[in-house]
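So you can see what is in the structure, the chains are spelled out below.
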Amino acid sequence: MIKTPHPDSGAILREAARRVSPWSRRLFLRNALGLGTLTALAGCDVVDGISAEGMLAQVSDFNDRVQAWLFNPNRLAREYPESMITRPFPFNSFYVPNTPEKAPTIDPARWALNVTGRVERQDDWRLADLARLPQVTQITRHICIEGWSAIGKFTGVRFSVFLQAVGADLSARYVTFRCDDNYVTSIDMATALHPQTQLTLGFDGGALPREHGFPLKLRVPTKLGFKNPKHIGEIAVGDDYTGGYWETYGYNWFSGL
Ligand SMILES: Nc1nc2c(c(=O)[nH]1)N[C@H]1C(S)=C(S)[C@@H](COP(=O)(O)O)O[C@H]1N2
Ligand SMILES: [Mo]
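Notes on the structure follow. (Residues numbered from 1 in each chain as written. Chains lettered and ligands numbered in written order. Predicted model: local features only at pLDDT ≥ 70, side-chain atom pairs only at ≥ 80, totals over all residues. Heavy atoms only, no water.)

**Some thoughts on the side chain of Ser93**
Here comes step 1: As for its position among the elements, Ser93 is in the loop between helix H4 (52-70) and strand S1 (114-117).
Here comes step 2: Residue Ser93 is classed as buried on the basis of its relative accessible area of 12%.
Here comes step 3: A distance of 3.3 Å separates a polar atom in the side chain of Ser93 from the backbone oxygen of Tyr95.
Here comes step 4: Polar contacts involving the side chain of Ser93 include one to the side chain of Asn98, which spans 3.0 Å. (Helix = DSSP H or I, 4+ residues; strand = E, 2+ residues; numbered from the N terminus. Buried < 20%, exposed > 50% of the residue type's maximum accessible area, 1.4 Å probe, protein only. Polar contact = N/O pair within 3.5 Å; in protein donor to acceptor, adjacent residues only side chain to side chain.)

**A few points about the site of ligand 1**
Here comes step 1: As a matter of local geometry, ligand 1 sits amid 21 residues, with Pro90, Phe94, His212, Asn228 and Lys230 nearest to it.
Here comes step 2: Contact between ligand 1 and Pro90: an oxygen atom at 2.8 Å from a main-chain N or O atom of the residue.
Here comes step 3: Asp181 has a polar side-chain atom sitting 2.8 Å from a nitrogen atom of ligand 1.
Here comes step 4: When ligand 1 sits alone it has 530 Å² of accessible area, and the protein chains cover 99% of it.
Here comes step 5: Cavity membership is defined here by more than half of the atoms lying within 2 Å of grid points; on that basis ligand 1 lies in the largest cavity.
Here comes step 6: Its residues placed into classes, the shell around ligand 1 shows 11 nonpolar, 7 polar and 3 charged. (Near = heavy atom within 4 Å. Areas by Shrake-Rupley, 256 points an atom, 1.4 Å probe, with all protein chains shown as cover. 1 Å grid on protein atoms, 1.4 Å probe; cavity = no way out; pocket = protein on both sides within 12 Å on 5 of 7 lines; lining within 4 Å. Sits in = over half its atoms within 2 Å of the grid points. Nonpolar A, V, L, I, M, F, W, Y, C, P; charged D, E, K, R; others polar.)

**Some thoughts on empty space enclosed by the protein**
Here comes step 1: Considering all chains together, one arrives at 1 cavity of 30 Å³ or more under this definition.
Here comes step 2: Estimated volume of the largest cavity: approximately 320 Å³.
Here comes step 3: Around the largest cavity sit 22 residues that line it, and Asn92, Gly225, Phe226, Asn228 and Lys230 are the ones nearest its centre.
Here comes step 4: Residues of the lining of the largest cavity, tallied by class, amount to 11 nonpolar, 7 polar and 4 charged. (Points joined across faces, edges and corners; volume = space filled by probe spheres on them.)

**Overview of the pattern of salt bridges**
Side chains carrying opposite charge are able to pair once their charged atoms draw close together.
Here comes step 1: This model, assessed by the stated rule, comprises 9 salt bridges.
Here comes step 2: Note that Asp169 is salt-bridged to Arg118, the shortest N-O span being 2.9 Å. Placement of the pair is Asp169 in the loop between helix H6 (159-165) and strand S4 (174-179) and Arg118 in the loop between S1 and helix H5 (127-131), with a sequence separation of 51 residues.
Here comes step 3: Here Asp169 falls in the buried class, since its relative accessible area comes to 13%.
Here comes step 4: The class of Arg118 is partly exposed, set by a relative accessible area of 31%.
Here comes step 5: Sharing partners across several salt bridges, the network here consists of Arg118, Asp169 and Asp239. (Salt bridge = Lys/Arg side-chain N within 4 Å of Asp/Glu carboxyl O.)

**So, the packing of aromatic side chains**
Ring pairs (aromatic) are described by centroid distance and by the angle formed between their planes.
Here comes step 1: A complete count under the given rule lists 19 aromatic pairs for this structure.
Here comes step 2: Judged by centre distance (5.6 Å) and plane angle (90°), the rings of Tyr174 and Trp253 are edge-to-face. A residue pair is termed long-range when its members are at least 10 positions apart, and Tyr174 in strand S4 and Trp253 in the segment after helix H8 (245-248) qualify at 79 residues.
Here comes step 3: An aromatic cluster is built from Phe94, Tyr95, Tyr183, Phe226, Tyr245, Trp246, Tyr249 and Tyr251, whose rings are joined through pairwise contacts.
Here comes step 4: Lying over the aromatic face of Phe254, Lys223 brings its terminal NZ or CZ to 3.4 Å of the ring centre. (Phe/Tyr/Trp six-rings, centres within 6.5 Å; stacked < 30°, edge-to-face > 60°. Lys NZ or Arg CZ within 6 Å of the ring centre and 35° of its normal.)

**Looking at the pairing of strand S6 (residues 198-203)**
Here comes step 1: Taking burial as the measure, the 6 residues of S6 include 6 buried ones, the bulk of the element.
Here comes step 2: For strand S3 (residues 148-158) and S6, the ladder comprises 5 bridges, and the chain directions are antiparallel. Residue pairing across strands places Thr155 opposite Gly202, the latter belonging to S6.
Here comes step 3: In the sheet, S6 pairs with strand S7 (residues 206-207) via 2 bridges, with the strands oriented antiparallel. By the bridge assignment for S7, Gly202 is matched with Ala207.
Here comes step 4: The antiparallel hairpin formed by S6 and S7 contains 2 residues in its connecting segment, where Asp204 sits at a positive phi of about 55°. (Pairing = 2+ DSSP bridges.)

See below:
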């Protein structure tokens, strides 16, 4: 059963602002402004009697929720002309050494995508099955939290189209990606349904190169690079918060527009 995907984020935000006390409303508004306020908070009297770390964790969690409220599923990330594509496109990984030679080698003949959780059809998908869904191309900027960005051309299936093809419960809260190099990340359903969120099979006019996530990655141009899982092996739909690899090291879970 397909349920209504997008809550009216504006109405939810107004309702939330009405319900919070004046003090927390101030905090609420400050946090809505950005992560810079975290440092300010850590250095002030508010943290007396509680650990700054605990406070920061709470504020980060608070940020995730506020940012999710503020997220506008209609707002698009910028798309670029072919002339602005970055070549070569940089590589990055969580494993050490951080080198493309360590990227997993996946045999497409033996690879299958597992789809689990709140979906009507838990069948595995082969590359050829995914290639039969309608393909779109977008040229967008990938921004890594480590301080670099690059513009690339990505081709694949709108993720919302895929979710409907598997009969995902679109009222579930999260979609989690488990990768064949043991990387994990998760996104909220509003981001999963964003029109630019793409299950990517192609890169720069060819197949997805090994170092950039062969055979399958998720391209989320509204989010930082670490929310763009490569070498996806499993997609899980559910209500339980699953976090992610870099998220456990303190990167803000929402990390997006
Ligand atoms: N499976 C997997 N996905 C991943 C990572 C990883 O190490 N493994 N690194 C993330 C980070 S931090 C970035 S910046 C991008 C890098 O993608 P690229 O190598 O195609 O530039 O992939 C993201 N997705
Ligand atoms: Mo990154």
